[in-house]
Amino acid sequence: MNPGQQSSSSSNSGKGWAHELRALWLAGWHNFRRRWWVLAFNVLFGIAVVCLQNGQDRAWAKSVQSGNDNIYAIAKAASYWGDWPGWVVLGFLFWATGVVLRKSLWREAGLACLLATLMAGATINCFRPTIGRPRPYTEIPDGIYGVHLRDTKYHAFMSGHTAASVAAATALSIALPPVGVPALGAAALVGWSRVELGKHHPSDIITGGVTGILWGWCFGLPARRTREQRKNQAA
């Protein structure tokens, strides 16, 4: 039995949420191990952009920024609520609702959202302090400056807000499509807000988004397969 099948059988096992969580984790990790090269290519692409683009990325970011106080305030609010803790809370609420209403689909979607968000955040935090790309607002010449564990001015690559929000939205879109469309819209708003605030370059948003899609797919897919198998068994 492969991890995807383990996830499919978990909802019918009667062993509780811990079993569901373990099965979904195994299935998601199995998916990532088969697609780890996507992350590797994504990181190499981002580093190549930093080394080869000669300032165009920062110029593009400045062209996107509005300079309008009201728009800046909207971006600041989106960035505040769109950080990973907000998506973790959303995933927990979906899971808790599924527990209270005894809806396995909501439980699994919530767990997929939680795991995707946490793994996307953990992945980003492996690269931001080690690659050392300066944020656009610093006016430090763009480049790779190496390890800066505590100096967040050098934590531009990749965007953690974008990765976490896209991971959560992707997982929800796959596991619970009616919720996915507004979630994807919210994730796009978060990504835009990071450029508007001068925290990230466009390439940081793109690479963070790809990282989020990868983890969202890894955990959203087994949750959807569980739902589909349940429907087939009920038919």
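Look up: the structure comes first, before these words.
Note that this is a predicted model, so its numbers are computed, not measured.

**With respect to the overall build of the protein chain**
Scanning the protein chain for helices and strands turns up 9 helices and 0 strands. Each helix and strand of the protein chain, ordered N terminal to C terminal, gives the series α-α-α-α-α-α-α-α-α. In terms of overall size, the protein chain behaves like a compact globule, its C-alpha atoms giving a radius of gyration of 19 Å where 235 residues would be expected to give roughly 18 Å. Along the three orthogonal principal directions, the C-alpha set of the protein chain runs to about 60 × 35 × 30 Å. A burial count over the protein chain gives 50% of its 235 residues as buried.

**Observations regarding the pattern of salt bridges**
Under the criterion given, the structure shown has 6 salt bridges. Among the ionic pairs, R107 bridges to E20, the shortest N-O distance being 2.6 Å. Separated by 87 residues along the polypeptide, R107 in helix α6 (residues 104-131) and E20 in helix α2 (residues 17-52) bring together distant segments of the chain. Salt-bridge contacts for D204 lead to R133; the nearest nitrogen and oxygen are separated by 2.9 Å. Separated by 71 residues along the polypeptide, D204 in helix α9 (residues 202-234) and R133 in the loop between α6 and α7 (160-175) bring together distant segments of the chain. Take D204 and R133: they sit in the same class, and that class is buried.

**Things to note about helix α3 (residues 56-64)**
Along an α-helix, residues three or four positions apart point the same way, because every turn accommodates 3.6 residues. For α3, the set of buried residues is D57, R58 and A61. For α3, the buried positions fall inside an angular range of 95 degrees around the axis, keeping them on one side.

**Things to note about the nonpolar core**
L24, W215 and F219 are the most contacted members of the largest nonpolar core, which has 37 residues in total. When residues of this core are traced back to their parent elements, those giving at least two are α2, α5 (84-101), α6, α7, α8 (177-196) and α9. Top element by residues in this core is α6. It accounts for 11 residues. Not counting chain neighbours up to four residues away, the residues in contact with F219 comprise L24, W25, G28, W29, A112, L115, A116 and M119.

**A closer look at the side chain of N31**
Relative to the elements of secondary structure, N31 occurs in helix α2. For N31, the residues in contact, after removing those within four places along its chain, are W217, C218, L221 and P222.

**Some points on helix α4 (residues 69-81)**
Relative to the 18 Å expected for 13 residues at 1.5 Å per residue, α4 spans 18 Å between its end C-alpha atoms, a close match to the ideal helical length. If you check which residues of α4 are buried, you get A75, A78 and S79. Taken end-on, α4 shows its buried residues confined to a sector of 100 degrees, consistent with a single buried face. In α4, the exposed residues that point more than 90 degrees away from the buried face are D69, N70, K76, Y80 and W81. Each element contacted by the buried residues of α4 is listed here: α7 and α8. Of the residues flanking the start of α4, the one acting as N-cap is N68, its side-chain oxygen 2.8 Å from the backbone nitrogen of N70.

**With respect to the environment of L115**
By the secondary structure assignment, L115 is in helix α6. Spatially, the C-alpha atoms of L115 and C51 are 32 Å apart, while their sequence positions differ by 64 residues. Among residues more than four places away in sequence, those in contact with L115 are L21, L24, W25 and F219.

**Comments concerning unusual backbone geometry**
Cis rather than trans, the peptide bond between F157 and M158 has omega equal to 0 degrees. Tracing the chain through its elements places M158 in the loop between α6 and α7. Backbone geometry at R102 places phi at a positive 60 degrees, although glycine is not the residue there. As for its position among the elements, R102 is in the loop between α5 and α6. Among the residues examined, R102 registers a relative accessible area of 76% and is labelled exposed. One non-glycine residue with positive phi stands out, namely E139, at about 65 degrees.

The rules we used
- Residues numbered from 1 in each chain as written.
- Predicted model: local features only at pLDDT ≥ 70, side-chain atom pairs only at ≥ 80, totals over all residues.
- Heavy atoms only, no water.
- Helix = DSSP H or I, 4+ residues; strand = E, 2+ residues; numbered from the N terminus.
- Rg over C-alpha atoms; globule rule 2.2 N^0.38 Å.
- Buried < 20%, exposed > 50% of the residue type's maximum accessible area, 1.4 Å probe, protein only.
- Salt bridge = Lys/Arg side-chain N within 4 Å of Asp/Glu carboxyl O.
- Arc of directions from axis to C-beta.
- Core = buried A, V, L, I, M, F, W, Y, C linked by side-chain atoms within 4.5 Å.
- Contact = heavy atoms within 4.5 Å.
- Expected span 1.5 Å × (residues − 1).
- Polar contact = N/O pair within 3.5 Å; in protein donor to acceptor, adjacent residues only side chain to side chain.

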